[in-house]
Amino acid sequence: MSLRDDIQELQQDFLQRMPKETVDLIMGATDRLVRTGIAEKSLKEGDKLPAFSLPDATGTPLSSSALLQAGPLVINFYRGGWCPYCNLELRAFQQALPEINALGAQLVAISPNLPDQSLSSIEKHALSFPVLSDVGNELARQCGLVFALDAALRPLYQQFNIDIAAFNGDDSYELPIPATYVVASDGTIKLAFVDADYSKRLDPLDVIEALRQLRQ
């Protein structure tokens, strides 16, 4: 199954299990976020990736300059280890990692989660690529991806036992909208997928195709 198939299955299960008022609440908040135009204001193809140095799950800093010296870079911004859509996406990228590496590229995933939380994601999903902590969403903010979780959703998240403050180490409720970038070795973004609807993700197959074109 592709990532799109997995997401569709997750959505169908969610719609069947959740009360209509819960679904309406979540979809309403998503629609409001989409209508802010945040995705359209984010970094696009042709833009330069901001330089960064972020800690991995062990706290060791990893810089964009070091990553790009090795070749193209694939960056996946995800909301956090508490998000089922993000977890599907991380697993899909792990499955695609051998082909991504074979095309001379490296892959990193970035979230506002603290390093200990990133380590939990690595262990849970057997990830073999770096998972970096953008605490405070500093890099995501430079990319134009940051929003504050709709106040109407915060009690619902608590009911679901999702403690974003514990995951991120602050009570800002700020998150990145999901985004995937394919970046050339000179730091130029060659493929940008950004969507304020958290259920929309770029399939790794599209990343692989972009890397193939970049190699030509």
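Before any of the text, the structure's been laid out above.
Values in this document were obtained by computation on a predicted structure and should not be read as measured data. (Residues numbered from 1 in each chain as written. Predicted model: local features only at pLDDT ≥ 70, side-chain atom pairs only at ≥ 80, totals over all residues. Heavy atoms only, no water.)

Asker: Hey, could you run me through the side chain of S133 in this one?
Answerer: Relative to the helices and strands, S133 is located in strand β5 (residues 131-133). Here N113 takes part through its backbone oxygen, which lies 2.7 Å from a polar atom of the side chain of S133. A polar side-chain atom of S133 sits 3.2 Å from a polar atom in the side chain of S118. Every residue in contact with S133, bar those within four places of it in the chain, is listed here: L54, P55, S111, N113, L114, P115 and S118. (Helix = DSSP H or I, 4+ residues; strand = E, 2+ residues; numbered from the N terminus. Polar contact = N/O pair within 3.5 Å; in protein donor to acceptor, adjacent residues only side chain to side chain. Contact = heavy atoms within 4.5 Å.)

Asker: How do you make sense of the packing of helix α4 (residues 84-102) against helix α9 (residues 204-215) when you look at a structure like this?
Answerer: The relative placement of two packed helices is expressed as an angle between their axes plus a distance between the axes. At their nearest, the axes of α4 and α9 sit 10 Å apart, and the two run at 10° to each other. In terms of their interaxial angle, α4 and α9 are classed as roughly parallel. Contacts between α4 and α9 involve A92, F93, A96, E99, I100 and A102 on the former and, on the latter, P204, V207, I208, L211, R212 and R215. Tallied by class, the residues present in the contact of α4 with α9 amount to 9 nonpolar, no polar and 3 charged. (Axes fitted to C-alpha atoms, helices over the stretch in contact; angles between N-to-C directions. Parallel < 35°, antiparallel > 145°, perpendicular 65-115°, else oblique. Nonpolar A, V, L, I, M, F, W, Y, C, P; charged D, E, K, R; others polar.)

Asker: Explanation requested: the sheet that holds strand β3 (residues 73-77) in the structure shown.
Answerer: Spatially, the 5 strands line up as an open sheet ordered β5-β4-β3-β8-β9, and their pairing is mixed. One side of each edge strand has no neighbouring strand; the edge strands of this open sheet are β5 and β9 (189-194). The mean inter-strand angle of the sheet, taken between neighbouring strand axes irrespective of direction, is 20°. Strand direction decides the pairing type here: β3 and strand β4 (residues 106-111), joined by 5 bridges, are parallel. If you follow I75 over to β4, its bridge partner there is V108. (Pairing = 2+ DSSP bridges.)

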